[in-house]
Amino acid sequence: MGEPFDRVEVKGLVKVYGATRALVGVDARFPAGEVTVIEGHNGSGKSTLLNVLGQLVRPTRGQVLYGGLDAKAHGGVALRAQIGILAHAAMVYPDLSGRENLSLYAQLYRAPRPAALLEELCDRFEIGRWGERPARTYSRGQLQRVALARALLHAPRLLLLDEPSTGLDVRSVDRLIEAVEQERARGAIIALITHDPGLAAQIAQRTIRLARGRVVEGEPDAEARA
Ligand code: ADP
Ligand code: MG
């Protein structure tokens, strides 16, 4: 699937872990150029949904459609190259520095001007001299900034952010809001999980609320069913 897609949809999504039903029939749409915030209590299935969208978790049942094409038939490397994800685990190599991590990902994604891209990212996320130290020495907020830079380094079609403001100070949250807004403006499809109502209010065009693995607010046909 090398074609850029304009929306992501899930239909009848079910994910079961042993005896735990993490998702029990979720229908949702994520349009381009909009930020969809996913809300819900701990354990409601938010991360599972995001990880399914990011091709990190395989659903038990249901469809994941990228621009109308089913991931089961059209998935793989070309699709993954269009996805940027900030998950719970930072996906940063601890023994490499932040800059080395970003450099590595820039090469992996065959960025045309990797050195310029690295400087731009360090500037955008205020990764200073500390960026030359091994990532295992970073504070939560520093690590989060490198992980965020990594997630959007390749200008993905689909940007998935799981609690991206965790560990960030006020200034870094402002930087995060700015970055998400820039990505949205270039037409990315963005799904973001947050427990911060202030951040949600500032950033969201749409909101989906999950409870016990179901969408309880914001699903496409919610009015029709009521
Ligand atoms: P949220 O992100 O909303 O807090 P999650 O999607 O992480 O919720 O989890 C939903 C439910 O699925 C929880 O009960 C959680 O314990 C369970 N779960 C998530 N991942 C796994 C896993 N890898 N193995 C077993 N259970 C899991
Ligand atoms: Mg979670």
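Reading the values: rules and limits
- All chains use their own residue numbering, which begins from 1 and follows the written sequence.
- Written order determines the labels here, with chains lettered from A and ligands numbered from 1.
- Only residues with pLDDT of 70 or above have their local features reported here, since the model is predicted, and side-chain atom pairs are shown and tallied only from 80 upward, although totals for entire chains, interfaces and linings are computed over all residues.
- Processing note: side-chain calculations cover all non-hydrogen atoms of the structure and skip hydrogens and water entirely.
- Here a strand pair is declared whenever DSSP counts at least two bridges between the two strands.
- Numbered from the N terminus, helices here are DSSP runs of H or I no shorter than four residues, and strands are runs of E no shorter than two.
- Every axis corresponds to a line fitted to the C-alpha atoms, with the helix fit spanning only the stretch in contact, and the corresponding angles, defined between N-to-C directions, vary from 0 to 180 degrees.
- Here, residues are in contact when the closest pair of their heavy atoms is within 4.5 Å.
- Only protein atoms enter the 1 Å grid used here, on which a cavity is any set of points holding a 1.4 Å probe that cannot leave and a pocket is any open set flanked by protein within 12 Å on both sides along at least five of seven lines; residues with an atom within 4 Å of a point are listed as lining.
- Grid points are joined across faces, edges and corners, and a volume is the space filled by probe spheres set on the points.
- Each residue gets one of three labels, nonpolar for Ala, Val, Leu, Ile, Met, Phe, Trp, Tyr, Cys and Pro, charged for Asp, Glu, Lys and Arg, and polar for the others, Gly among them.

### What about the sheet that holds strand β9 (residues 206-211)?
- Across the sheet, six strands lie side by side as β6-β7-β8-β3-β9-β10; this open sheet has mixed pairing. What marks the edges here is a single partner per strand, and that holds for β6 (83-86) and β10 (214-217). Going from strand to strand, the sheet's axes swing by 25° on average, the running direction of each strand aside.
- In terms of strand pairing, strand β7 (residues 158-162) meets strand β8 (residues 189-193) through five bridges, oriented parallel. Bridge pairing links L161 to L192 in β8.
- Along the sheet face, helix α1 (residues 46-53) touches β3 (34-39), β6, β7, β8 and β9 and points at about 155° away from the line of β7.
- With respect to the sheet, helix α6 (residues 140-152) is in contact with β6 and β7, its orientation differing from that of β6 by roughly 170°.

### Details of the sheet that holds strand β1 (residues 7-17)
- The strand order β2-β1-β4-β5 describes an open sheet built from four strands, whose pairing is antiparallel. Both edges of this open sheet fall to β2 (20-31) and β5 (69-70), since each of them pairs with a single strand only.
- The pairing of β1 with β2 spans nine bridges and is classified as antiparallel. Bridge assignment links R7 to a residue of β2, and that residue is P31.
- Packing against the sheet, α1 makes contact with β1, β2 and β4 (61-66), and its axis sits at approximately 125° to β1.

### Things to note about the layout of surface pockets
- Looking at the largest pocket, its volume works out to about 280 Å³.
- Looking at the largest pocket, it is lined by 14 residues, and the ones nearest its centre are Q55, R58, P59, A71 and K72.
- Contributing elements (two or more residues each) for the lining of the largest pocket: β4 and α2 (71-74).
- As for the second largest pocket, its lining consists of 14 residues, of which R80, I83, I85, M91 and Y109 are closest to the centre.
- Only β6, α4 (98-108) and α6 provide two or more residues apiece to the lining of the second largest pocket.
- It is β6 that provides the largest number of residues to the lining of the second largest pocket, a total of three residues.
- In terms of residue class, the lining of the second largest pocket is made up of eight nonpolar, four polar and two charged.

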